[in-house]
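Given next are the chains, with one letter for each unit.
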Amino acid sequence: METLYIYLIKSSGLVALFFLAYYFMLRKETFFTSNRWFLLVGLLTAVLLPLLVFTQTIMVETTPSTIDWSNIPISTTVEEDHTEEYLALTLMGIYCAAVIGLLAKFGFDFYSLRIVLKGKVVHKQGDFKFIDVKENMAPFSFFSTIVYNSALYSPTELESIIEHEKVHSEQHHTIDVLISRVFCIVFWFNPIVWLYKKAILQNLEFIADSAASKKIVDKKAYQITLLKITTQENCLAITNHFYQSLIKKRIVMLNKIQSNKRNSWKYAIVVPALIAFVMLFQIKVIAQEKESEFTIKSGITKLALNVTSTSSEKELNAEKDFFKKTFDLDLKFSNIKLDKNNEIIAIKVVLENNDGIKKVHSVKGNTPIKPFAIFVEKDAENKLSFGFRANVKDNAHLKNHFDLLQAKEGKLAVEKDTDFWSINNFNKDGSNYLIIINGTKQTDSEIIKIPIKEDILSQVILESKEAIEKYGSEGKNGAIEITTGQKKETTTKKSKGIPDETKVYIDGKKRSKKELDELDPNLNESMDVSKNGTEQKIKIITKNYNNISDSSQLMIGGVNMTELNLEKIDPKNINNLQTNKTTRTIKIIAKQKNGIPYETEIYIDGIKSDKAELDKIDPGIIERMDVDKTSTGEKIIKVTTKKEK
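In this text, all values refer to a predicted model and were calculated from it rather than measured experimentally.

Chemist: Residues and numbers for the pattern of salt bridges, please.
Modeler: According to the stated counting rule, one finds eleven salt bridges in the structure shown. Of the charged contacts in the structure, one is a salt bridge between Glu-135 and Lys-120, with a shortest N-O distance of 3.9 Å. One end of the pair, Glu-135, is in the loop between β4 (128-132) and β5 (140-142); the other, Lys-120, is in the loop between α3 (83-117) and β3 (122-125), and 15 residues separate them in sequence. The class for Glu-135 is partly exposed, based on a relative accessible area of 34%. Here Lys-324 and Asp-328 are joined by a salt bridge, their closest N and O atoms 3.4 Å apart. Taking relative accessible area as the criterion, Lys-324 reaches 35% and is therefore assigned partly exposed. Look at Asp-328 and you get partly exposed, because its relative accessible area is 33%. Through salt bridges with shared partners, a single ionic network connects Lys-105, Asp-109 and Arg-181.

Below you can see the structure in the form of structure tokens.
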């Protein structure tokens, strides 16, 4: 649709150019026939020249910078604004409605002409057809048909009229009328087109008047006939009719001295303007890298296949067999999308060898892609390396090597260098989450650098509501809390020296030696080793609360708990588990979270609450906070918030 708008604008500009040249330089000259062809050439130029595009290719040197992409494509996502599309559709609707209306009027004029000619007696004379009507209308011609009312004119006047209309028929002026009418329909929005049509019709009358007056002895009588015809204004728009407005100009041109032929130079006035139009609007410059040739030097084989926005899918796919045959590499092109100018705006390239090593380059956007090269190098020892190279200046946004780590229900984009690595973004369901690394918020302007030796130890994903409560408006899309550090090596008790035939029982169930190795020694309540001949048995009783008997008393921080309550406790929150066989009491010591023990009782404005509700309270509305201890040592936190006045 945008292409159509540009075409209409360019064509309208060319129509205006020819009209202005005619109006200021040629309309007062008596070169009527030459003016006719000048005006017609102007319309033809306006139609064809905007369709001619000349391509200029400039070869540029490539500054190669090797860029290796990981298996995950790098893509650019742009939020689309449909306002311009809606506006374009509205304008197109208005344009089409006007064109349809004008076409209907054009068709109605043909119908009116048919009504006038229907049932009339036709007199043939040579190449002409004469129809004498009774209606009071101005004489006119339509191709070889000449229509007039003989009762309205004297024989002398009728002779002048017929000679005039014969010129129209002989020189096929009806074609000029129809062409100008079609241009008014297509370019109705351009007022210059309507003036152009008027200039064409007026010049046709000048031609007919000039030719007819040469065949008539009494020129004065011919001019009087022109004045008389002005009283009959009933005429058809698609015909050449004897009556036209501006009779005064026609009479002036009849009596004007012929223009000097030296004034013909004025027709060339548009040539520089046309050249400027082509240079400014019709030349498309394409910058193309110089092709790298397939060379073998000092035992090293190199190949680079250049890919630009103007590369065709057929050309690219033709290289697949060569890569396979020469280097045993699979080359695939997919997801190719073109814009309105048939330039590539999206492409995915996959290069894979027999060992499963894959390199992928994927670009997606709304503008033509930047040039890049697919390279393959084989050294003297037949060691193969392959990947992608791109011009540093054009592809600055792709200069880093990206890996993609999968996070829970989202994606972490990670960038690495030799000393540090960073997390560029975390994307989930199309939204970028706020990143908090080791308690510090990361901003777009300052990416947190993480020592290369550190890994991600934990990550917590907060959805929008929870993230806003904790981090304010910055967490509107959600947040991810990441903790990094060096992973500690866990040591487990190895069962070295234990014979393979040893039977292992943990909490009364037979287990493998591997499960014994993975068991945390701190959870062992007791371990018995017995032998019966060559058979050895190891029995281990752990502190696992699943082994607690129904008669045991369960306590968390001195508070009695039921087995149901105990099952609801996340084992990850249990710091220690103590048993007292004499009193059959089991005491669970919970982990602390943010300094608050698991079993702490929390009251907010006198209402019993929990840690989650406490975390949601904005510190700015807390009036006071009291911390008390019970006789058993447990804490009670009482929070009083400010009341709205």
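Chemist: Kindly report on the side chain of Glu-157, identifying the contributing residues and their values.
Modeler: Topologically, Glu-157 is positioned in helix α4 (residues 155-170). Separated by 3.1 Å, the side chain of Glu-157 and the backbone nitrogen of Ser-154 make a polar contact. In contact with Glu-157, other than residues within four places in its own chain, are Leu-152, Thr-225 and Lys-228.

Chemist: Can you break down the packing of helix α2 (residues 32-48) against helix α6 (residues 191-215) residue by residue, with the values?
Modeler: It is at 9 Å that the axes of α2 and α6 come closest, and there the two elements cross at 155°. In terms of orientation, α2 lies roughly antiparallel with respect to α6. Here α2 runs over α6; the crossing is left-handed. Between α2 and α6, the contacting residues are Phe-32, Thr-33, Asn-35, Arg-36, Phe-38, Leu-39, Gly-42 and Leu-43 on the first element and Tyr-196, Ala-199, Ile-200, Asn-203, Leu-204, Phe-206, Ile-207 and Ser-210 on the second. Its residues assigned to classes, the contact of α2 with α6 comprises ten nonpolar, five polar and one charged.

Chemist: Which residues make up the packing of aromatic side chains, and what are the values?
Modeler: Think of a pair of aromatic rings as described by two things: how far the centres are apart, and how the planes are tilted against each other in angle. As enumerated under the stated definition, the model contains 21 aromatic pairs in all. Both rings, one in Phe-38 and one in Tyr-267, keep their centres 5.8 Å apart while their planes meet at 55°; by these two values the pair is tilted. Taken as a pair, Phe-38 in helix α2 and Tyr-267 in the loop between α8 (247-254) and α9 (270-281) lie far apart in primary sequence, 229 residues in all. Side by side, Phe-38 and Tyr-267 carry an identical accessibility label, which is buried. An aromatic cluster is built from Tyr-95, Phe-183, Phe-187, Trp-188 and Phe-189, whose rings are joined through pairwise contacts. In this structure, Arg-27 packs its charged tip against the face of Tyr-23, placed 4.0 Å from the ring centre. Here the basic side chain of Arg-36 rests over the ring of Trp-37, its NZ or CZ set 4.9 Å away from the ring centre.

Chemist: Would you mind going over the environment of Tyr-505 in detail, with residue names and values included?
Modeler: Assignment of secondary structure puts Tyr-505 in strand β25 (residues 503-506). Beyond its immediate chain neighbours, meaning those up to four positions away, Tyr-505 contacts Lys-510, Lys-537, Ile-538, Lys-539 and Ile-540.

Chemist: I'd love a proper account of a nonpolar patch on the surface, names of residues and values included.
Modeler: A cluster of nonpolar residues, Leu-20, Tyr-23 and Phe-24, forms a patch on the protein surface that exposes about 330 Å² of accessible area. Tracing the sequence through the fold places Phe-24 in helix α1 (residues 2-26). A relative accessible area of 61% means that Phe-24 is categorised as exposed.

Chemist: Lay out the sheet that holds strand β11 (residues 330-338) in plain terms, naming residues and giving numbers.
Modeler: Pairing is antiparallel in the open sheet, where three strands are placed in the order β11-β12-β13. Edge positions in the sheet fall to β11 and β13 (358-364), since each of these pairs with one other strand and no more. Within this sheet the neighbouring strands show an average axis-to-axis angle of 10°, counted without direction. Where β11 meets strand β12 (residues 344-352), seven bridges bridge the pair, whose relative direction is antiparallel.

Chemist: Let's hear about the packing of helix α5 (residues 173-186) against α6: which residues, and what values?
Modeler: Following both chains from N to C, one finds α5 and α6 inclined at 170°, their axes separated by 9 Å at the closest point. It follows that α5 is roughly antiparallel to α6 by the angle criterion. Contacts from His-173, Asp-176, Val-177, Ser-180, Arg-181, Phe-183 and Cys-184 in α5 reach Val-193, Trp-194, Lys-197, Ile-200, Leu-201, Leu-204 and Ile-207 in α6. Of the residues belonging to the contact of α5 with α6, the class tally is nine nonpolar, two polar and three charged.

Chemist: Go over the sheet that holds strand β37 (residues 622-629) with me, naming the residues and quoting the values.
Modeler: Taken together, four strands build an open sheet; the order of strands is β36-β35-β38-β37 and the sheet is mixed. A strand with exactly one partner marks an edge of an open sheet, and here the two such strands are β36 (607-609) and β37. Taken over all neighbouring pairs, the strand axes of this sheet differ in orientation by 25° on average, direction set aside. Note that strand β35 (residues 601-604) and β36 share three bridges and pair antiparallel. Counted as the bridge partner of Tyr-603 is Lys-608 from β36.

Rules of the game
- Along every chain, residues carry numbers that run from 1 in the direction the sequence is written.
- Where totals are concerned, whole chains, interfaces and linings use all residues; where local detail is concerned, this predicted model gives features only for residues with pLDDT of at least 70, and gives and counts side-chain atom pairs only at 80 or more.
- Calculated side-chain values reflect all of the structure's heavy atoms, with hydrogen atoms and water omitted.
- For this analysis, a salt bridge means a side-chain nitrogen from Lys or Arg found within 4 Å of a carboxyl oxygen belonging to Asp or Glu.
- In this description a helix means any DSSP run of H or I spanning at least four residues, a strand means any run of E spanning at least two, and both kinds are numbered starting from the N terminus.
- Each residue is placed in one exposure class: buried if its accessible area under a 1.4 Å probe, protein chains only, is under 20% of its type's maximum, exposed if it is over 50%, and partly exposed if it falls in between.
- In protein, a polar contact means a hydrogen-donor-capable atom and an acceptor-capable atom, both N or O and within 3.5 Å, with residues adjacent in sequence counting only if both atoms are side-chain atoms; elsewhere, any N or O pair within 3.5 Å suffices.
- Whether two residues touch is decided by their heavy atoms; if any such pair falls within 4.5 Å, the residues are in contact.
- Comment: axis = line fitted to C-alpha atoms, over the contacting stretch for helices; angle = value between 0 and 180 degrees taken between N-to-C directions.
- The scheme is simple: roughly parallel for angles under 35 degrees, roughly antiparallel for over 145, roughly perpendicular for 65 to 115, oblique for anything else.
- Helix crossings get a hand from a simple test, with the near helix turned counterclockwise from the far one by less than a right angle marking a left-handed crossing and a clockwise turn marking a right-handed one.
- Charged means Asp, Glu, Lys or Arg here, nonpolar means Ala, Val, Leu, Ile, Met, Phe, Trp, Tyr, Cys or Pro, and polar covers whatever is left, Gly included.
- Note on aromatic pairs: the rings of Phe, Tyr and Trp (six-membered ring only in Trp) are paired at centre separations within 6.5 Å, and the planes decide the class, stacked below 30 degrees, edge-to-face beyond 60, tilted for the rest.
- A ring is considered to have a charge above it if a Lys NZ or an Arg CZ atom is located within 6 Å of its centre and within 35 degrees of its normal.
- Candidates for patches are residues over 30% relative accessible area with no salt bridge; among them, like charges are joined within 9 Å and nonpolar side chains (Val, Leu, Ile, Met, Phe, Trp, Tyr) within 5 Å.
- Throughout, the Shrake-Rupley method with a 1.4 Å probe supplies accessible areas, and for residues the shown protein chains are the sole cover considered.
- In this scheme, strands are said to pair when DSSP sees at least two bridges between them.

All quantities given are derived from atomic positions and should not be read as evidence of function.
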